[in-house]
Amino acid sequence: MPREISLSEVPGLVGTVVGVSDWITVDQTMIDAFAGATNDHQFIHTDPVRAAAETPYGGTIAHGFLTLSLLSAMNYDCLPKIREQTLGINYGFDKVRFMSPVKCNKRIRGSFLLAGARFRGAGMLMNTYDLTVEIEDERKPALTASWITISQFDPKDRPEGV
């Protein structure tokens, strides 16, 4: 996928994988920082000794919301930049499913399929991505989601006929 595309190219990409991010290692430092930021210090995330002894995971696991929050980094890493875009907005999710826990020190990456792209108003393009966060060497993904973003642009840059 090119690193930069024009606004007029986006609708033609619907139904295709438009980006696969680099791998991100989810280590204990990252998990602990997220626990501190969210005040979620449940032992399955923050106590490696207890998590190894009392859970089926063999150690700590990442918060599901930590995995979800890494989508922004994955997005910036792999999705092509729209030349005319002046602002990108996170509109939200229609569906998020946490399929499998991310064990400490595992690597994850995101795969983004552009499921929809429709122009709204004079200067907005609403994009819907069906995405999967894979866990390296695991059969089941960490999560699946339907993520909606909005690309704002100057109305003069809107392609004709849409």
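Residues numbered from 1 in each chain as written. Predicted model: local features only at pLDDT ≥ 70, side-chain atom pairs only at ≥ 80, totals over all residues. Heavy atoms only, no water.

For this particular structure, what's the right way to read the side chain of Ser-100?
Counting through the fold element by element, Ser-100 comes out in the loop between β5 (85-98) and β6 (106-120). Under the relative-accessibility criterion, Ser-100 is labelled buried at 18%. Apart from the residues within four sequence positions on either side, Ser-100 is in contact with Ile-135, Lys-140, Pro-141 and Ala-142. (Helix = DSSP H or I, 4+ residues; strand = E, 2+ residues; numbered from the N terminus. Buried < 20%, exposed > 50% of the residue type's maximum accessible area, 1.4 Å probe, protein only. Contact = heavy atoms within 4.5 Å.)

Can you help me understand the side chain of Glu-84 in this one?
Mapped onto the secondary structure, Glu-84 falls in the loop between β4 (81-82) and β5. One buried charge, Glu-84, has no salt-bridge partner; the nearest side chain with opposite charge is Arg-83, at 4.9 Å. One polar contact links the side chain of Glu-84 to the main-chain amide nitrogen of Leu-7, over a distance of 2.7 Å. Sequence-distant contacts of Glu-84, defined by excluding residues within four places in its chain, comprise Ile-5, Ser-6, Leu-7, Gln-152, Phe-153, Asp-154 and Asp-157. (Lys, Arg positive; Asp, Glu negative; His and termini not counted. Salt bridge = Lys/Arg side-chain N within 4 Å of Asp/Glu carboxyl O. Polar contact = N/O pair within 3.5 Å; in protein donor to acceptor, adjacent residues only side chain to side chain.)

Teacher, can you tell me more about the nonpolar core here?
The tendency in soluble globular proteins is for nonpolar side chains to be buried side by side. Among the nonpolar cores identified, the biggest contains 34 residues, and Val-26, Met-74, Ile-108, Phe-112, Leu-131 and Val-133 are the most heavily contacted of them. The set of elements that each furnish at least two residues to this core consists of β3 (24-26), α1 (28-38), α4 (64-69), α5 (71-78), β6, β7 (124-135) and β8 (143-153). With residues up to four places along the chain from it excluded, the contact list for Leu-131 reads Leu-71, Ser-111, Phe-112, Leu-143, Thr-144, Ala-145 and Trp-147. (Core = buried A, V, L, I, M, F, W, Y, C linked by side-chain atoms within 4.5 Å.)

Teacher, can you tell me more about the packing of aromatic side chains here?
When we look at a pair of aromatic rings, we describe it by the centre distance and by the angle of the planes. Within this structure, the stated rule accounts for 5 aromatic pairs. Taking the centre distance of 6.1 Å and the plane angle of 85° together, the rings of Phe-112 and Tyr-129 count as edge-to-face. One end of the pair, Phe-112, is in strand β6; the other, Tyr-129, is in strand β7, and 17 residues separate them in sequence. Connected via pairs of aromatic rings, a cluster forms that spans Phe-93, Phe-112, Tyr-129 and Trp-147. (Phe/Tyr/Trp six-rings, centres within 6.5 Å; stacked < 30°, edge-to-face > 60°.)

Looking at this structure, I do not really get the pattern of salt bridges. What am I missing?
Oppositely charged side chains can pair when the atoms bearing their charge come close. Scanning all chains against the criterion turns up 6 salt bridges. Measuring nitrogen to oxygen at the nearest pair gives 3.2 Å for the salt bridge that ties Glu-54 to Arg-50. Of the two residues, Glu-54 and Arg-50 both sit in helix α3 (residues 48-54), 4 residues apart, roughly one turn of that helix. Notably, a salt bridge pairs Glu-136 with Arg-107, separated by 2.8 Å at the nearest N-O pair. Placement of the pair is Glu-136 in the loop between β7 and β8 and Arg-107 in strand β6, with a sequence separation of 29 residues. Look at Arg-107 and you get partly exposed, because its relative accessible area is 30%.

Whenever I open this one, unusual backbone geometry confuses me. Can you help?
Positioned with a positive phi, Asn-105 is a non-glycine residue whose angle comes to about 75°. Note that Asn-105 resides in the loop between β5 and β6. Since its relative accessible area comes to 53%, Asn-105 is described here as exposed. Within the chain, Asp-137 stands out as a residue other than glycine whose phi angle is a positive 65°. Within the secondary structure, Asp-137 sits in the loop between β7 and β8.

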